[in-house]
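Chain by chain, the residues run as shown.
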Amino acid sequence: MSAGTKKAVWNFTPIEGVARVYAVASGKGGVGKSTTAVNLAHALSNAGKRVGLLDADIYGPSLPRMMGINGKPDIKEGMIVPLKSHGIAVMSMGFLVGEDSALVWRGPQVTKALYQMLRQTAWGTKDTPLDVLIIDMPPGTGDTHLSLVQQAPINGAVIVTTPQDVAVADARKCIDMFQKVNVPIVGVIENMSGFTDPDSGKLHAIFGSGGGLRLARSCNVPFLGEIPIDMALREAADAGAPYSDARGFYTPIIDRLS
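A brief report on the enclosed structure follows. (Residues numbered from 1 in each chain as written. Predicted model: local features only at pLDDT ≥ 70, side-chain atom pairs only at ≥ 80, totals over all residues. Heavy atoms only, no water.)

With that out of the way, let us pick up the state of the cysteines. Simply put, disulfide is the name for a covalent bond between the sulfur atoms of two cysteines. Under the defined criterion, the tally for this structure stands at 0 disulfides. Free cysteine C174: the closest other cysteine sulfur is in C219, separated by 11 Å. According to the relative accessible area criterion, C174 is buried, its value standing at 0%. (Disulfide = S-S within 2.5 Å. Buried < 20%, exposed > 50% of the residue type's maximum accessible area, 1.4 Å probe, protein only.)

With respect to the secondary-structure elements, Q151 resides in helix 4 (residues 143-151). Looking at Q151, its side chain comes within polar contact range of the main-chain nitrogen of Y115, at 3.4 Å. Not counting the four nearest positions on each side in its chain, Q151 is found in contact with N11, T111, L114, Y115, L118 and R119. (Helix = DSSP H or I, 4+ residues; strand = E, 2+ residues; numbered from the N terminus. Polar contact = N/O pair within 3.5 Å; in protein donor to acceptor, adjacent residues only side chain to side chain. Contact = heavy atoms within 4.5 Å.)

With a phi close to 55 degrees, H86 is a non-glycine residue in the positive phi region. Relative to the helices and strands, H86 is located in the loop between strand 5 (83-85) and strand 6 (88-92).

Before going further, it helps to examine the sheet that holds strand 7 (residues 132-136). Two orientations exist for strands paired in a sheet by backbone hydrogen bonds: parallel and antiparallel. Pairing in this open sheet of 8 strands is mixed, and the strands run 5-6-2-7-1-8-9-12 from one edge to the other. Two strands close off the open sheet at either side, each with one partner strand: strand 5 and strand 12 (223-227). On average, each strand axis in the sheet is inclined to that of its neighbour by 25 degrees, with strand direction left out of account. Two strands pair when backbone bridges link them, and strand 8 (residues 156-161) and strand 9 (residues 185-191) are joined in this way by 5 bridges, in the parallel orientation. By the bridge assignment for strand 9, T161 is matched with E190. Most of the contacts of helix 5 (residues 165-180) go to strand 8, to which it runs at about 170 degrees, and overall it touches strand 1 (21-25), strand 8 and strand 9. (Pairing = 2+ DSSP bridges. Axes fitted to C-alpha atoms, helices over the stretch in contact; angles between N-to-C directions.)

On to the pattern of salt bridges, then. On inspection of all chains with the given rule, the structure shows 4 salt bridges. One salt bridge connects K33 with D136, and the closest N-O pair in it is separated by 2.9 Å. Residue K33 is found in helix 1 (residues 33-46), and its partner D136 is found in strand 7; the two are separated by 103 residues along the sequence. Residue K33 shares its accessibility class with D136, and that shared class is buried. In this structure, the salt-bridge partner of D238 is R234, at a minimum N-O distance of 3.1 Å. One end of the pair, D238, and the other, R234, are both in helix 7 (residues 231-239), 4 residues apart, so they sit about a helical turn from each other. R234 gets classed as partly exposed once you look at its relative accessible area, which sits at 43%. (Salt bridge = Lys/Arg side-chain N within 4 Å of Asp/Glu carboxyl O.)

Attention now moves to the packing of helix 5 against helix 6 (residues 211-219). For the pair helix 5 and helix 6, the least separation of the axes is 10 Å and the interaxial angle reads 30 degrees. Comparing the axis directions of helix 5 and helix 6 gives the class roughly parallel. The way helix 5 lies across helix 6 gives a crossing that is right-handed. Across the interface between the two elements, D165, V168, A171, R172, I175 and Q179 of helix 5 pack against G211, R214, L215, S218 and C219 of helix 6. Along the lines of polarity and charge, the residues of the contact of helix 5 with helix 6 split into 5 nonpolar, 3 polar and 3 charged. (Parallel < 35°, antiparallel > 145°, perpendicular 65-115°, else oblique. Left-handed = near helix turned anticlockwise from the far one by under 90°. Nonpolar A, V, L, I, M, F, W, Y, C, P; charged D, E, K, R; others polar.)

To continue, consider helix 5. With 16 residues, helix 5 extends 23 Å from end C-alpha to end C-alpha; this agrees with the ideal 22 Å at 1.5 Å per step. Inspection of helix 5 places A167, V168, D170, A171, C174, I175, M177 and F178 among the buried residues, and these make up the whole buried set. Of the surrounding secondary structure, the elements contacted by the buried residues of helix 5 are strand 1, helix 4, strand 8, strand 9 and helix 6. Positive backbone phi, at 65 degrees, marks N182, one or two positions downstream of helix 5. (Expected span 1.5 Å × (residues − 1).)

Keep in mind these numbers describe shape, not what the thing actually does.
Written out as structure tokens, the structure is:
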């Protein structure tokens, strides 16, 4: 080891007040990762679970809008009190920075902020812990991802991709990254898997088809299902309202997170 180089420190102490932690990641932006994280949280909450959502996308937080909440969290006994939306505890840098403001931070500042939101937030108590904390990861495989797995034990990662080859290639790198740091892969979700014309009933594979399934098979991880392009899903996200998952896209997936 060269002079001045420090060995990475890994913290395997569970997060206080949290039973299980799952990261939702993609390796690429624009594939619907945050939408997936939000709807998994809603589905778990509807199933009777105590759920938290952590927005780890420090530079581009979207959970305040998608969960329909704003304002600054309180501090109680030295701990951040997460805001609540639809029964879900939510923490995001977006609560502290205006929606139109750019956050200009270097890596160490991001790492510190992630630690504070992860371990200095009153997610639950010893008697009433969260059943599941969902972490919405930023795109890529950079500092935030490594910091997360160093700072807390992660029960698994859900990988989101679209069928498009470009998205699949980045999702493959994301799977490889988590496997290298010994985080189990819960499985792959193929988002935007097709659009059904409401007038003709014809299915249009706008971003191709089968990419998520091929990725899962080639990486020997579970394939969790396909989420089609749905106008109601987009409208719910923009409005900060729960999506009515009438067709049960997310219900089979949450069984793997319980």
